[in-house]
Amino acid sequence: MNNIIETLFDTFEPERQSPAEKEAVKAAEGILRQAEAKLTENELESLTNALLCIGSAGCLESFTRGLRLGVQLTLEGLRPLD
């Protein structure tokens, strides 16, 4: 049970970036530096908050879908064999 709980927490708060995340950050670095130079601190903070909200919007949906699938598979596995 502890492993399941740890996995659930790691899903929402991973300790390290995946290779895909590192590549995305590297690819966006230049445009982020340009935005930082042109926007005020408040504008940059508003943009950052909006992007974070957009990025995390699908996380809960993905988690919910995965959890439902896992429960369905578990229930199917518990059915008696005929």
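Conventions we followed
- Residues numbered from 1 in each chain as written.
- Predicted model: local features only at pLDDT ≥ 70, side-chain atom pairs only at ≥ 80, totals over all residues.
- Heavy atoms only, no water.
- Helix = DSSP H or I, 4+ residues; strand = E, 2+ residues; numbered from the N terminus.
- Buried < 20%, exposed > 50% of the residue type's maximum accessible area, 1.4 Å probe, protein only.
- Disulfide = S-S within 2.5 Å.
- Expected span 1.5 Å × (residues − 1).
- Bend = angle between axes of the 7 residues up to and from the residue.

> An account of the overall build of the protein chain is requested, with residue identities and associated values reported.
Along its length, the protein chain carries 3 helices and 0 strands. Each helix (α) and strand (β) of the protein chain, taken in turn from the N terminus, gives the series α-α-α. Seen through its principal axes, the protein chain has C-alpha atoms that stretch 70 × 25 × 20 Å. Burial analysis of the protein chain (82 residues in total) assigns 1% to the buried set.

> Run through the state of the cysteines, naming residues and quoting values.
One pass over the structure, following the stated rule, counts 0 disulfides. Just so you know, Cys53 is unpaired, no disulfide at all, and the nearest cysteine sulfur is the one on Cys59, 11 Å from it.

> Any details on helix α2 (residues 19–38)? Residues and values, ideally.
Counting along an α-helix, one turn takes 3.6 residues, and residues three or four places apart therefore face a common direction. Given a rise of 1.5 Å per residue, 20 residues ought to cover 28 Å, and the 29 Å separating the end C-alpha atoms of α2 matches this to within 8%. Most pronounced at Glu29, the bend in α2 amounts to some 45°.

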